[in-house]
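Listed below, chain by chain, are the residues.
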Amino acid sequence: MGKIADIVNRNLETIQDLRCLSVLMVSISSLISQRFQEQLVNKTEQLFDTIDSSQVNIARRIVQFLRNIKYSYYPLLERCNKVFLSNVNHLDLDSISKILSLYHSLQFHSFEFILMTKKRLTEMIPLFDYPASFVKLFVTLGPVAGPEEEKQLKSTILLMSEELTSQQALAVMGAMEEMESRNSRLIKKIASILHKHLDNYKPVELLRITQASIFLHFQSKELFVKLRELLLSYLKVSVIPSEISLLICALSMLPSPHLDEARISQIEAVLPQCDLNDLNSFATSVLRCIQYDHMYRNNIPGKQLKLLQKLDHYGRQRLQKCSSLNLLWEEVKSLKGDWFADSLLEETVVTLQRLMDEINYINVAGIASFISRTNYLSTSLLDRIASVVLQQIEKIHPFAILAIILPFSALNYDPPQRDEFFGTCLQRLNSYLSILDPLMLVFLGYSLATREYFSEDLLKAIFNIRFLAKLDSQLELLCSSLNMKVQFRLMELNRAVCLECPEYQIPWFHDRFCQQQYKKDFGSMNGAQQQIYKMLAEVLGGINFVKASVLTPYYYTIDFECILDKRKNPLPYGSHNTTLGKLPKIHSELNTQIAGSRLPPGAEKIALEFLDSRAFCRNIPHLKGKSAMKKRHLEILGYRVIQIPHFEWNSMALSTKNARMDYLRERIFGEGKSSS
């Protein structure tokens, strides 16, 4: 195969047949250099226009090649997607299944392709009555199916469940996890088939079974006992770090997790060979065991704590030795969890800063996503990202722009050339506004609004009947959590535009949505809020001078509200039915009037907000974008905003009640302007 790769390399300039080249590309993809990969991608782009738009197999092989080399190259993916869309009525179940699987691996999302294939797959439901094909249909259609199709799929798979093989049952269980299924009868049936075939599964499959069982809330002592036995038996003979890490991970997820000395020694023996993903997996598993021992056994074995220290050491050592941004990125791009955030995040950012000259148009979106995900504000990294964008914008695909803008929005940071940076990003997007997925446009609009950047073209593309209908179609394909997140972002964007850009005359149309959300119980105040509530009542002269959990026009909730007259004397509210620790019922009969419009002349309404750690960047006390935007909007609504950061309220300087009372008096009666 190496000789074949060499022949392709030497003859690349003369090859003109993309069908033959695509076959060879897939075959040699695992053993070629990055430089050769880029040459093949460029050659494919040159030859793409030579093929007929009906050549689905060539397009599929190109996507497969990109998946094999782990390169989400949007220009080629977009062109291949157009081929698939123009031939969607001729695609069979196998083709649709393969394409969606490749897209998933590359994290490439095409709403239009999913919508069209969903229709095609739904038509296939009555056509398959044997397990092999129906399982493939269940796995492919299930995660995007509507309630009616989902019901059909589940009832049919239940009827043929006795005929399922071990691999088919595993595929169904995985799909049910993705569908967030709560069909207890089907879960129990599939779990019994998995239990019957448990001896035949590989370690990675046992991990998938464990994860799905836990996620689907399936409890079976017999299944868990058998799983533990098999995982331990595999561990006794395993010597590969990645396999040991996934076996330990599965064991730690089972009830009553525990690491004995033999397992700890086995982990320690492979640590020098582990990459950051393996180290992170081990640390997450050890922390689960420590947490269980602390809660139920009331002790923490010293050997587990020593193992954590060793994991920290090897993680830092690996980062310090790293000399290539691309190699580092392969290891850190999917890292998450408490151990990484607490032990290695700072060192990872230092390493990224050391290698930031290697940030370019290929990896810039990935690095930006990492910063957004970790909430770590590094101004030098963000400035470098902005610089790369300004210099190489023509090479950056519009699909990558949202990921690039996100950290600036989330972390409330403007690069030195702010307007030029955002303007350049939007200019790159303009010709794609009608092509981008609806949810991407919503997130984009919201992210820019957070930074007080409003593009009239973008807002016109979002706030029209046709787009909103298209968005509704996409919402039906999303899992419930993402569906709700998109709806909230659209509401927040609508609110931002109404408050900050009234000249665009975009109407507020989220009253009903907000009322449905705020009818839910708001729960109880946390400890700090209870303290502040009691002290505010004392500072202001009584409980009737302060309101807790107030719903403002445009449906912002604020922790506390009070009114001062023009002489800075507190004004009382009506009767209160608030008991300490419980929030009062919230009234939803709101209009969009400015807060001060019904006050006596010279009086002001004050909004007091307690800000916990989620309102700030992870590494420094810098207010994040969402909290900064809320403060801005409350001021537009007529409030003077007082934000009480957790690190001030819980500081040594405010360790006594008197100090806290003085702090509140100073913030309320001191300066007559918003402070933070």
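No experiment lies behind these values; they were computed from the predicted model shown.

**Things to note about the pairing of strand 2 (residues 557–564)**
Turning to step 1, where the next piece is worked out: Of all the eight residues making up strand 2, seven are buried; the element is thus mostly covered by neighbouring parts of the structure.
Turning to step 2, where the next piece is worked out: Bridge analysis of strand 1 (residues 547–551) against strand 2 gives four bridges, and the strand direction is antiparallel. Paired with Lys547 across the two strands is Glu561, which belongs to strand 2.
Turning to step 3, where the next piece is worked out: The turn joining strand 1 and strand 2, which pair antiparallel and follow one another in sequence, is formed by five residues; a positive phi near 65 degrees is taken by Tyr554.
Turning to step 4, where the next piece is worked out: Bridging between strand 2 and strand 4 (residues 604–611) involves five bridges; their strand directions are antiparallel. By the bridge assignment for strand 4, Glu561 is matched with Ala607.
Turning to step 5, where the next piece is worked out: Note: strand 2 against strand 3 (residues 570–571), two bridges, orientation antiparallel. If you follow Leu564 over to strand 3, its bridge partner there is Pro570.
Turning to step 6, where the next piece is worked out: Hairpin connection between strand 2 and strand 3: a loop of five residues separates the two successive antiparallel strands, and Lys568 in this loop has a positive phi of roughly 65 degrees.

**Notes on the UniProt feature "domain: RAP" (unreviewed entry) in the chain**
Turning to step 1, where the next piece is worked out: Per the UniProt record, "domain: RAP" (unreviewed entry) is annotated on residues 606–666.
Turning to step 2, where the next piece is worked out: What you have in residues 606–666 is 43% helix and 21% strand, and the ends, taken at the C-alpha atoms, are 13 Å apart.

**What about the pattern of salt bridges?**
Turning to step 1, where the next piece is worked out: Summed over the entire model, instances satisfying the criterion amount to 28 salt bridges.
Turning to step 2, where the next piece is worked out: When the shortest N-O distance is used, the salt bridge between Glu500 and Arg632 registers 3.1 Å. Placement of the pair is Glu500 in helix 27 (residues 480–500) and Arg632 in helix 30 (residues 625–636), with a sequence separation of 132 residues. Note on accessibility: Glu500 and Arg632 belong to one class, buried.
Turning to step 3, where the next piece is worked out: Note that Lys630 and Glu609 form a salt bridge whose closest N and O atoms lie 2.7 Å from each other. Placement of Lys630 in helix 30 and of Glu609 in strand 4 is noted, with a sequence separation of 21 residues between them.
Turning to step 4, where the next piece is worked out: Of the residues examined, Glu609 reaches a relative accessible area of 7% and is grouped as buried.
Turning to step 5, where the next piece is worked out: A network of salt bridges, in which partner residues are shared, links Asp414, Arg418, Asp419 and Arg451.

**Regarding helix 14 (residues 241–253)**
Turning to step 1, where the next piece is worked out: For helix 14, built from 13 residues, the straight-helix expectation of 18 Å at 1.5 Å per residue is met to within 8% by its first-to-last C-alpha distance of 19 Å.
Turning to step 2, where the next piece is worked out: Here helix 14 lies mainly inside the structure; ten of its 13 residues are buried.
Turning to step 3, where the next piece is worked out: For helix 14, the complete set of buried residues consists of Pro241, Ile244, Ser245, Leu246, Leu247, Ile248, Cys249, Ala250, Leu251 and Ser252.
Turning to step 4, where the next piece is worked out: Along its buried surface, helix 14 packs onto helix 12 (203–215), helix 13 (221–237), helix 15 (261–270) and helix 16 (276–297).

Reading the values: rules and limits
- Residues numbered from 1 in each chain as written.
- Predicted model: local features only at pLDDT ≥ 70, side-chain atom pairs only at ≥ 80, totals over all residues.
- Heavy atoms only, no water.
- Buried < 20%, exposed > 50% of the residue type's maximum accessible area, 1.4 Å probe, protein only.
- Helix = DSSP H or I, 4+ residues; strand = E, 2+ residues; numbered from the N terminus.
- Pairing = 2+ DSSP bridges.
- UniProt positions renumbered as here; feature names shortened; annotations may be inferred.
- Salt bridge = Lys/Arg side-chain N within 4 Å of Asp/Glu carboxyl O.
- Expected span 1.5 Å × (residues − 1).
- Contact = heavy atoms within 4.5 Å.

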